Amino acid sequence: MKITILDKTDPTEEDEIILKCGALDENILDLLNTLKNGKNKLSLYKESSINLVDFQDILYFESVDDRVFAYTESEVFESKQKLYQLEETLPRYFLRASKAVLVNINKIENLSPDFSGRIEASLCNECKVIFSRMYVPVLKKHLGL
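Reading guide: rules and limits
Residues numbered from 1 in each chain as written. Predicted model: local features only at pLDDT ≥ 70, side-chain atom pairs only at ≥ 80, totals over all residues. Heavy atoms only, no water. Disulfide = S-S within 2.5 Å. Buried < 20%, exposed > 50% of the residue type's maximum accessible area, 1.4 Å probe, protein only. Salt bridge = Lys/Arg side-chain N within 4 Å of Asp/Glu carboxyl O. Helix = DSSP H or I, 4+ residues; strand = E, 2+ residues; numbered from the N terminus. Phe/Tyr/Trp six-rings, centres within 6.5 Å; stacked < 30°, edge-to-face > 60°. Lys NZ or Arg CZ within 6 Å of the ring centre and 35° of its normal. Core = buried A, V, L, I, M, F, W, Y, C linked by side-chain atoms within 4.5 Å. Contact = heavy atoms within 4.5 Å.

Digging into the state of the cysteines
Tallying each qualifying case throughout the model produces zero disulfides. Cys124 takes part in no disulfide bond, and the closest cysteine sulfur, belonging to Cys127, lies 9.6 Å away. Exposure remark for Cys124: the relative accessible area of 24% places this residue in the partly exposed category.

Here is the structure:
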């Protein structure tokens, strides 16, 4: 990837980013999402404090009793956003595993087919997440399987 930065000669001219690519792959889409949103951290709550957690540190999100929790390797936080809202703003390496779970696929260490067409994903902290039959095709497509 080649990056070129040009100084503007006219200070009143608006900043502009021009992207030339053969195809919009996931890395480029993530970059565009970061540029548009201007952030790579999420505000999450634990007890009475607000914590800024890097997207890459989050293993998965789970919705339980109308509350959404974010799990890292060592901590659990609460999000004020619903899963569908998170799904719209998170980088593309977060995939829906079921109606109640979003998973960071960069944290998956191995996959095991389960009975009835589901897939069990073992994460880097030895936690296991089930991809329901409805979302298995999306996972396979994303992984090129």
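Quick notes on the pattern of salt bridges
All told, the structure shown has four salt bridges when counted by the stated rule. A salt bridge links Glu75 to Lys46; the nearest nitrogen and oxygen atoms lie 3.0 Å apart. Taken together, the residues span a long stretch of sequence, with Glu75 in the loop between strand 4 (67-71) and strand 5 (76-79) and Lys46 in strand 1 (residues 41-46) at a distance of 29 residues. On the accessibility criterion, Lys46 (27% relative accessible area) is partly exposed. The partner of Glu87 in a salt bridge is Arg96, and the shortest N-O contact between them spans 2.9 Å.

Quick notes on the packing of aromatic side chains
Summed over the entire model, instances satisfying the criterion amount to three aromatic pairs. Centre to centre, the rings of Tyr60 and Tyr71 are 4.5 Å apart; their planes meet at 15°, and the pair counts as stacked. With Tyr60 in strand 3 (residues 60-64) and Tyr71 in strand 4, the pair connects residues that are eleven residues apart, well separated along the chain. As far as the burial class goes, Tyr60 and Tyr71 line up, both buried. In textbook terms, an aromatic cluster arises when at least three aromatic residues are bridged by ring pairs, as seen for Phe61, Tyr93 and Phe94. Against the face of Phe77 rests Lys46, its NZ or CZ located 5.7 Å from the ring centre. Over the ring of Tyr45 we find Lys80; its NZ or CZ atom is 4.9 Å from the centre of that ring.

Structural notes on unusual backbone geometry
At Glu47, a residue that is not glycine, the phi angle is positive and equals roughly 55°. Structurally, the position occupied by Glu47 is in the loop between strand 1 and strand 2 (49-54). For Glu47, a relative accessible area of 80% gives the class exposed. Located in the positive-phi region is Asp66, a residue other than glycine, with phi close to 60°. On the secondary structure map, Asp66 appears in the loop between strand 3 and strand 4. A residue is classified by how much of its surface remains accessible, and Asp66, at 68% relative accessible area, is exposed.

Some details on the nonpolar core
Formed by 32 residues in total, the largest nonpolar core has its most connected members in Phe61, Val103 and Phe131. The biggest single contributor to this core is strand 4, with four residues. Discounting chain neighbours no more than four positions away, the residues touching Val103 are Leu59, Tyr60, Tyr93, Phe94, Leu95, Ala97, Ile108, Leu123, Val129 and Phe131.

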